[in-house]
There are 2 protein chains.
Amino acid sequence: MLKIKPLLAKAAICFSIFLTSGNIAFADNGQELWLRKVQSNSVEVICKKKSPILSNAIEELQRGWQGKKGAKITLTISEDKSIKGDGFKLGKDGIYANTERGILYGVFELLRRQTLHQPVGNIVSNPSYDRRVLNHWDNLNGSIERGYAGRSIFWRGEKDLVVTPKDLELWSQYARANASIGINGSVLNNVNSSPRMLASENLKRVKAIADALRPFGVRTYLSVNFSSPAILGGLKTSDPLNPEVVKWWKNKAGEIYKLVPDFGGFLVKANSEGQPGPQDFGRTHAEGANMLADVLQPHQGIVMWRAFVYSSTDKDRARQAYNEFKPLDGQFRDNVIIQVKNGPIDFQPREPFSALFGAMEKTSVMPEFQVTQEYLGHSNHLVFLSTMWEECLKSDTYQKGKGSTVARCTDGSIFNQKHTAIAGVSNVGLDSNWTGHHFAQANWYAFGRLAWDNSLESEKVANEWLRLTFQPLIRDNNWEDKFVDPIKKMMLESREAAVNYSMPLGLHHIFSANHHYGPGPWWAPANVRVDWTPPYYHQASSSGIGFNRTKSGSDAVSQYAEPLASQLNDIKTCPEIYLLWFHHVSWDYKMKNGRTLWDELCYHYDRGVQQVRDFQKTWDKVEAFVDPERFHHVQSRLKVQARDAEVWKDGCLLYFQQFSKRPVPYELERPVYELKFLQTVNPMQLTGKPSSEEWMK
Amino acid sequence: MLKIKPLLAKAAICFSIFLTSGNIAFADNGQELWLRKVQSNSVEVICKKKSPILSNAIEELQRGWQGKKGAKITLTISEDKSIKGDGFKLGKDGIYANTERGILYGVFELLRRQTLHQPVGNIVSNPSYDRRVLNHWDNLNGSIERGYAGRSIFWRGEKDLVVTPKDLELWSQYARANASIGINGSVLNNVNSSPRMLASENLKRVKAIADALRPFGVRTYLSVNFSSPAILGGLKTSDPLNPEVVKWWKNKAGEIYKLVPDFGGFLVKANSEGQPGPQDFGRTHAEGANMLADVLQPHQGIVMWRAFVYSSTDKDRARQAYNEFKPLDGQFRDNVIIQVKNGPIDFQPREPFSALFGAMEKTSVMPEFQVTQEYLGHSNHLVFLSTMWEECLKSDTYQKGKGSTVARCTDGSIFNQKHTAIAGVSNVGLDSNWTGHHFAQANWYAFGRLAWDNSLESEKVANEWLRLTFQPLIRDNNWEDKFVDPIKKMMLESREAAVNYSMPLGLHHIFSANHHYGPGPWWAPANVRVDWTPPYYHQASSSGIGFNRTKSGSDAVSQYAEPLASQLNDIKTCPEIYLLWFHHVSWDYKMKNGRTLWDELCYHYDRGVQQVRDFQKTWDKVEAFVDPERFHHVQSRLKVQARDAEVWKDGCLLYFQQFSKRPVPYELERPVYELKFLQTVNPMQLTGKPSSEEWMK
């Protein structure tokens, strides 16, 4: 029995920022995330085993203990059949788990419950997915594709690979935050991967990162470029069936595992948007993925193979991932997981779930969510994504009868997957608050919580995050009514607001140009492939609007199981939130509420604008409950969002009005922009988009 | 008895544009103003006398006759004591007047009544002022100071003085429009006058202009630079008491009258904003004005001498015109008229009337209104100024007891003025619709109508202008209810809306920089004299806001007659529309409706924004009643106005909030801009200010 005493010197360095973060200088920049320093009581922690992860568990308990002063708590690693994977049991006097990670997660859960004044005893909690992974789209040069919170926390360019104490501190903070919500894996680089990722000098930095993440139970993964053998290795080909190529990958894997013995595996974007892949050599996705899987198998590594593929020739991009992958079902090794985006297109504000979920019975499939807000206002807009992910996870695929939700089709409940996993495209960067928008922290938090428990309700997630993140300095009796409730309501409504002001009623992919920020339903330069242009998706004409994916159209509906396929196919039973996704609808079509489609479209855009204005009111009213720095930061972004919402509304309605030839209902607020003006201006200039943290300086 | 037959050849040229303006190409660009071509009936016109003015009168009758087909109408110049000046009498069968102008005005009134379906017989109408003059702030280089409707119709630069047929056509159209509303004088150049104005080559062009205006009864005037004798004439001084100087002016006057025998006289801005004047030589305004008056007297010319003076040293700019001119009462020649701006500062959205009105019993005083919208959104904002001028004209000065309105103090009703006059700073430029904004035509119209009858109600003016200007091509039974009534309501509300979103509750002079467009309560560069900076005027501090002009402050109130002075002096009786003009008021001061001053200020700004949004709704609803070109033009400007209103609201409230330290009432829509952002951006860039007509191209 070992009584753990004060901090280890090394840990002390790692946490120094956290330890000082209760000071005024750090009090309110949001750097502490949902792990706010609290006034803690003394606690005696008993733990038989000793390890870096357990040291961290003990340290967290001592730092955050809110229970009885001088209480005694035991951390026990056992073999308990009620506990699965990294799960844990909270008993009256201790935490039980089968793994060290389980103990750590149990500690964080216990502390969370203490802070939230929730019961802490006799709870078993098991994760929905074995691998809960963040995908960082970080480039070696330090930029982040679709990153809106500053530059990479991992990379500064290949000329600056030296690992500094500050790096180590930051990576440790990052790992700790992940551990606190159960995330146990990080892909350190962009899926559009440079072959240079696997260069030995870069792998040395990977080792340093892995060493910093490991004490918090976070495993390291890498995205790889399928042409690495040729481009980096100098081989004549990267054909996955070529023995030299296989050998190259084997050697590279050996090199990696020597540096990072618990390396998680590879993430691959192949034959997608210009990335190389097995099809370049006449091989299938399965042949490509299996080759890498075989290479990693001896090291217990896995391959996460993305299904985000589409060619420029198919008549309906929404059908293509299914078309390419469904026939390969059964051909993949059991350490390959097919990583499928939540919807069939690309992280739009609202998509129906991808038809691939539940369709591949003999293949491990993992959902990919986007935490960074590529299509949802970047780090300017307050959009709580938990509701979007919950909507996806709880969507019923009907693949194995009623109740075959996306969650159950991917977490092993229905299909016998060797590996279960879930990925989130990270929104983390060097901004002092990590995520650009303070409320974007909630999306990081929510991804971790839903990855742990895919049946969680967003209301609970929002509730937890809000209370942890905005703990009042002074307890105020009104905090519940005047802060938590209205702000939670705002969070839970925020994604629907974003859908309303940008792409309501099933509209999708109508953003402008390559920045994916403002509206651009008109955007269709001659030299751009049509399936990258909005008119391909909205199909607006004098006859109506929407993409006919019914049996009379592209027949994408038939990729879904019955009775869903028929429900979606029939305009009368298709949910109106997906109406224009599946149907081309005449402007005068009568909606369920009696309005015409055109009027309803106008009402949705208008409602979106009003919702954001209401968010502004909601936020302004809680000024007394929030530190000034975070208050003004969020207030300022809400202003941008309010103006952006108007730009979206006007841009879309004035554009579509050219086809509908109907007036915006006169009871609604009128457009304030000219279509011609919005068509020529970059919406980011128009609304004064803050570039990362410079905005508030 | 002479029966006038078809057009004279010369007149035909002058009117050719009007004659074709019924064509589609010209139908809807607004060039026809309120003089829309109508389907006319034949009429027999009998007139004993023959003259260019009478020819035009006859021509108008024949072109616009809406009465009985083949009717006979007599034009009679007589000596009728019920008719004054250019007045007229409409009888059953003819028009009677003492002057040719009177006949012409009677014709236009008759035709207007026919179009408006008003009774046409037995009406005597006499003008309130003898001289109803437009001041054009046009520079010889063709630019217009505070002009927002394109370049000058008179000047293109001294290198291009040749008079073209197009010039003549345009000047004739301009004169006809003036005649149709009773305007009988035009000052052809900027009050900030170049000495070059009086150069002989420029005077030749003045002659050509005068010749073109004369057939419509419009007399020509010029602004003169007081230093002309030295700068243009090469004398050593411009001292008004120097005989050489007097001689120079005499010669110059002789030269002018040889070219323009009915020349009206000089307009002078002296010792004001850097302009030279008699004070440069130790002489008084009276000595300077009288010298010019003596020079012009033999020619029956007059001097309009502006009272717009203020030095940078006085503690209250609002007091200065009165301080300088009141002591000179009785010292001016009887052909000098002191031209006084409606308010004590400078054409702000709302000012109390200038204390000079009614204060100079022995001096002719004329009001100066600003038709061009220097401080009211340029040609972007729809602001019908008639209500503002009506408010001024009907303000009671109490100088000769109750009922001594500004109107009666200036039109000869109370004081025995030799000359009565009124001036409006023109909003006319080369834009095809003359005034930039189609609704700015209404301000030109309103100025003329109020100059003719200073007791007119704005409702009547708006009604006339609207019906004349937007006559429906097809008579529609709903025109009254669905077009005229709501648009008239919008017009009548528009100036109050502008006050609300820019300078409510007596705030004034809080615009930004030199462009006088957007908000700038913060604007106070170190190198600018304080009385040109907004903080001088709003005096916002933690103690409150507003300029203390009571007896305990600058005592400007005492320039007004009792009981008004006492009423204004007491915060409890001072009208709230002038509250912050006369009082420095604490943020928590209780307004009459029970709100605090701060809250009320917020409500006013918010109301202004909502009003403009309502105008947008109102306008959009009448789309079916307006030709597309004018409809979209106005619609587009209303959008700009709606965004500008938000900029004004946010800029002012966020700035003043720094002092009030109070929240914007939470029920109101929140600001969408950052103060810092508005402080650095040029509001014209922000709201996409259209530069003249380029906007719609």
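The structure we're discussing is the one just above.
A. Focus on the sheet that holds strand 11 (residues 302-306) of chain B. Residue and element names in this part refer to chain B. Taken in spatial order, the 8 strands close into a barrel running 7-8-9-10-11-12-13-14, and their pairing is parallel. Strand-to-strand twist across the sheet, computed as the mean angle between neighbouring axes with direction ignored, equals 25°. Examined bridge by bridge, strand 8 (residues 185-187) and strand 9 (residues 219-224) share 3 bridges and lie parallel to one another. Bridged to Ser186 within strand 9 is Thr220. Where helix 9 (residues 285-296) meets the sheet, its contacts fall on strand 9, strand 10 (265-268), strand 11 and strand 12 (336-341), and the angle it forms with strand 11 comes to roughly 160°.

B. Expanded view of helix 6 (residues 200-213) of chain B. Taking 1.5 Å per residue, 14 residues should reach 20 Å; helix 6 of chain B reaches 20 Å between its end C-alpha atoms and fits that length. Those residues of helix 6 of chain B that fall on the buried side of the exposure criterion are B:Asn202, B:Leu203, B:Arg205, B:Val206, B:Ala208, B:Ile209, B:Ala210, B:Ala212 and B:Leu213.

C. The arrangement of the packing of helix 11 (residues 386-393) of chain A against helix 13 (residues 441-452) of chain A in detail. Residue and element names in this part refer to chain A. As a packed pair, helix 11 and helix 13 sit with axes 9 Å apart at the nearest point and diverge in direction by 25°. Classified by the angle between their axes, helix 11 and helix 13 sit roughly parallel to one another. Helix 11 and helix 13 meet at a crossing whose hand is right-handed. Residue-level inspection shows Ser386, Trp389, Glu390 and Leu393 of helix 11 in contact with helix 13, the latter providing Asn443, Ala446, Phe447 and Leu450. Considered class by class, the residues forming the contact of helix 11 with helix 13 number 5 nonpolar, 2 polar and 1 charged.

D. Layout of the pattern of salt bridges. Residues and elements named next belong to chain B. Scanning the entire structure with this criterion turns up 90 salt bridges over all chains. Among the ionic pairs, Arg350 bridges to Glu496, the shortest N-O distance being 2.9 Å. With Arg350 in the loop between strand 12 and strand 13 (364-370) and Glu496 in helix 15 (residues 479-502), the pair connects residues that are 146 residues apart, well separated along the chain. For Arg350, a relative accessible area of 4% gives the class buried. Among the ionic pairs, Glu600 bridges to Arg595, the shortest N-O distance being 2.9 Å. The exposure class assigned to Glu600 is buried, which follows from its relative accessible area of 7%. With a relative accessible area of 30%, Arg595 lands in the partly exposed category.

E. Quick peek at the interface of chain B and chain A. Taken together, the contact between chain B and chain A spans 25 residues of the former and 25 residues of the latter. Taking both partners together, chain B and chain A bury about 2400 Å²; carbon and sulfur atoms supply 53% of that area. The tally of links from chain B across to chain A stands at 6 salt bridges. Residue A:Arg613 pairs with B:Glu669 through a salt bridge whose shortest N-O separation is 3.3 Å. Counting the contacts that link chain B with chain A gives 17 residue pairs in polar contact (both at pLDDT 80 or more). Where the side of chain B that touches chain A is concerned, the elements lending two or more residues are helix 19 (597-621), helix 20 (628-660) and helix 21 (675-680) of chain B. Considering every element that reaches the side of chain B that touches chain A, the biggest residue donor is helix 20 of chain B, with 6 residues. Counted by class, the side of chain B that touches chain A contains 10 nonpolar, 2 polar and 13 charged residues.

F. The arrangement of the nonpolar core in detail. Judged by nonpolar contacts, the single largest core of 420 residues is most densely connected at A:Trp619, A:Phe656, B:Trp619 and B:Phe656. Setting aside its immediate chain neighbours within four residues, B:Trp619 contacts B:Phe439, B:Phe470, B:Phe483, B:Ile487, B:Met490, B:Val626, B:Arg630, B:Phe631, B:Val634, B:Gln635 and B:Leu638.

G. Examining helix 9 of chain B more closely. Residues and elements named next belong to chain B. Here helix 9 contains 12 residues, and its C-alpha end-to-end distance of 17 Å stays within 8% of the 16 Å for a straight helix at 1.5 Å per residue. Burial analysis of helix 9 places 10 of its 12 residues in the buried class, which makes it a mostly covered element. Every buried residue belonging to helix 9 is among His285, Ala286, Gly288, Ala289, Asn290, Met291, Leu292, Ala293, Val295 and Leu296, and all of these are buried. Looking at the buried residues of helix 9, the elements they touch are strand 9, helix 8 (243-259), strand 10, strand 11, helix 10 (320-325) and strand 12.

H. Examining the relation of the copies chain B and chain A more closely. Note on the copies: chain B fits chain A at an RMSD of 0.0 Å, the axial shift is 0.0 Å, and the rotation between them is 180°. Interpreted geometrically, this transformation is the action of a two-fold axis. An overlap of 100% is found between the interface residues of chain B and their copies at the interface of chain A, pointing to a shared contact surface.

I. Looking closely at the sheet that holds strand 13 (residues 364-370) of chain A. All names here are of chain A. Spatially, 7-8-9-10-11-12-13-14 is the arrangement adopted by the 8 strands of the closed barrel, whose pairing is parallel. Averaged over all pairs of adjacent strands, the angle between strand axes in this sheet comes to 25°, irrespective of strand direction. Bridging between strand 7 (residues 131-135) and strand 14 (residues 421-425) involves 5 bridges; their strand directions are parallel. For Arg132, the partnering residue across the bridge sits in strand 14 and is Ile422.

J. Representation of the packing of aromatic side chains. Counted by the stated rule, this structure contains 72 aromatic pairs over all chains. For the pair B:Tyr105 and B:Trp452, a centre-to-centre distance of 5.2 Å together with 75° between the ring planes defines the contact as edge-to-face. Taken together, the residues B:Tyr105 in helix 4 (residues 100-115) and B:Trp452 in helix 13 (residues 441-452) connect sequence positions 347 residues apart. Both residues of the pair, B:Tyr105 and B:Trp452, count as buried. For the ring pair B:Phe154 and B:Trp171, a centre distance of 6.5 Å and an interplane angle of 35° mean the geometry is tilted. Here B:Phe154, found in the loop between strand 7 (131-135) and helix 5 (165-180), pairs with B:Trp171, found in helix 5; they are 17 residues apart in sequence, far enough to count as distant. Members of the aromatic cluster, joined through ring pairs, are A:Phe439, A:Trp465, A:Phe470, A:Trp479, A:Phe483, A:Trp619, A:Phe625 and A:Phe631.

About the criteria used
Residues numbered from 1 in each chain as written. Chains lettered and ligands numbered in written order. Predicted model: local features only at pLDDT ≥ 70, side-chain atom pairs only at ≥ 80, totals over all residues. Heavy atoms only, no water. Pairing = 2+ DSSP bridges. Helix = DSSP H or I, 4+ residues; strand = E, 2+ residues; numbered from the N terminus. Axes fitted to C-alpha atoms, helices over the stretch in contact; angles between N-to-C directions. Contact = heavy atoms within 4.5 Å. Expected span 1.5 Å × (residues − 1). Buried < 20%, exposed > 50% of the residue type's maximum accessible area, 1.4 Å probe, protein only. Parallel < 35°, antiparallel > 145°, perpendicular 65-115°, else oblique. Left-handed = near helix turned anticlockwise from the far one by under 90°. Nonpolar A, V, L, I, M, F, W, Y, C, P; charged D, E, K, R; others polar. Salt bridge = Lys/Arg side-chain N within 4 Å of Asp/Glu carboxyl O. Buried area = accessible area lost by both parts, 1.4 Å probe. Polar contact = N/O pair within 3.5 Å; in protein donor to acceptor, adjacent residues only side chain to side chain. Core = buried A, V, L, I, M, F, W, Y, C linked by side-chain atoms within 4.5 Å. Least-squares fit on C-alpha atoms with pLDDT ≥ 70 in both. Phe/Tyr/Trp six-rings, centres within 6.5 Å; stacked < 30°, edge-to-face > 60°.

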